[in-house]
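Coordinate inspection notes
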Amino acid sequence: MIKKLRKAVLPVAGLGTRFLPATKAIAKEMLPVVDKPLIQYAVEEARAAGIELFCMVTGRGKTALVEHFDVAYELEHTLRERNRTEALAALAASHTEPGSITTVRQQVPLGLGHAIWCARAFIGDDPFAILLPDDLILSNKPCLTQLAEAYGETGGNIVAVTEVPREQTNRYGILKVGRDDGRLVEVKGLVEKPAPEDAPSNLSIIGRYILMAEVIEYLALMQRGAGGEVQLTDGMAKLIGKQPFHGVRYEGRRFDCGDKLGFLEAQVAFALQRPDLADAMRGFLKNYV
Ligand code: G1P
């Protein structure tokens, strides 16, 4: 039987060094694309896929991430008094069900695998999603929903995948590919950040996952991989052959918001999707190119 997917882990303990000084006092996941912080895109995408419970793996100086999803009583009271219905509506999506967000701290930056292991009590025996808020995906159907649909078909572990240029395999988790119907790919192996000459393909993992709880057992071994870190990819690789494992070539465009250029491109692409901004945006962009 395929267990219902209700939980998501959001690893948000990173230091955001690539965005200093902006991230000196605020979490990089609070940086907005147009008018919404990255973390909220991730939470909304997860909710759309049926996620009810969230665990943020945070670190020092990241409390604003939790604040963001709380009720801002004084602010809302003031807005209501002033009849600012639009502003109130803008806040609505940042409300969450009472008790639906928990946090754990990753005290030491030992890698993504270690961050996920920190959420082990939250995960328990349940399947869970992971969303990396840096990977922002613009699509017709939310990316995690596309993965959840595949999960409904195959069960087991699912990762979002996309082709990357050969010379960039050393930035991603890379698949060794089995059967491939163009959308659903059977995962035969996984390697974290291989050099182009060692990469088994150029099909890379993008930051959306649905994983089975058993991955925690392998992460708990704390084996160091690429970059000396405990890699999620290495833990996942141990599940291959024991449980179904598939990649989904998702429909959509992904922006690497952990990178300045990717982040800037996302601003433009998301603004151009907005009925209230698109025309004006298109107009002034012409002045710059
Ligand atoms: C992480 C994962 C990697 C994945 C990537 C997607 O790497 O370790 O497997 O391909 O996210 O964005 P990071 O970007 O944290 O180095």
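Everything that follows concerns the structure shown earlier in this document.
Residues numbered from 1 in each chain as written. Predicted model: local features only at pLDDT ≥ 70, side-chain atom pairs only at ≥ 80, totals over all residues. Heavy atoms only, no water.

What follows concerns the overall build of the chain. On a plain count of helices and strands, the chain comes out with 11 helices and 13 strands. Against the 2.2 N^0.38 benchmark of 19 Å for 289 residues, the chain shows a C-alpha radius of gyration of 19 Å, consistent with a compact globule. In the chain, buried positions account for 47% of the 289 residues. For the chain, the proportion of contacts with a sequence separation of at least 24, taken over those separated by at least 6, is 76%. Summed over its atoms, the accessible surface of the chain is roughly 14600 Å², and 53% of this surface lies on carbon and sulfur atoms. (Helix = DSSP H or I, 4+ residues; strand = E, 2+ residues; numbered from the N terminus. Rg over C-alpha atoms; globule rule 2.2 N^0.38 Å. Buried < 20%, exposed > 50% of the residue type's maximum accessible area, 1.4 Å probe, protein only. Contact = heavy atoms within 4.5 Å. Areas by Shrake-Rupley, 256 points an atom, 1.4 Å probe, with all protein chains shown as cover.)

Here we take up the pattern of salt bridges. Using the criterion set out here, one finds 21 salt bridges in the structure. Two residues, Asp126 and Lys3, come together in a salt bridge whose shortest N-O distance is 3.4 Å. Here the residue Asp126 occupies a position in the loop between α6 (120-123) and β6 (128-131), and Lys3 occupies one in the segment before β1 (7-11), the gap between them amounting to 123 residues. Exposure remark for Asp126: the relative accessible area of 25% places this residue in the partly exposed category. A salt bridge links Arg254 to Asp135, with the nearest nitrogen and oxygen atoms 2.8 Å apart. One end of the pair, Arg254, is in strand β13 (residues 253-256); the other, Asp135, is in strand β7 (residues 135-138), with 119 residues separating them in the sequence. Under the relative-accessibility criterion, Arg254 is labelled partly exposed at 23%. (Salt bridge = Lys/Arg side-chain N within 4 Å of Asp/Glu carboxyl O.)

Another aspect to go through is the site of the ligand. Near the ligand there are 13 residues, and of these Asp135, Gly173, Glu192, Lys193 and Ile205 occur at the shortest range. Between the ligand and the protein, one listed contact pairs an oxygen atom with a side-chain N or O atom of Glu192 at 2.7 Å. In isolation the ligand exposes 380 Å². Once the protein is present, 75% of that is buried. Top element by residues in the shell around the ligand is strand β11 (residues 203-211). It accounts for 3 residues. (Near = heavy atom within 4 Å. Polar contact = N/O pair within 3.5 Å; in protein donor to acceptor, adjacent residues only side chain to side chain.)

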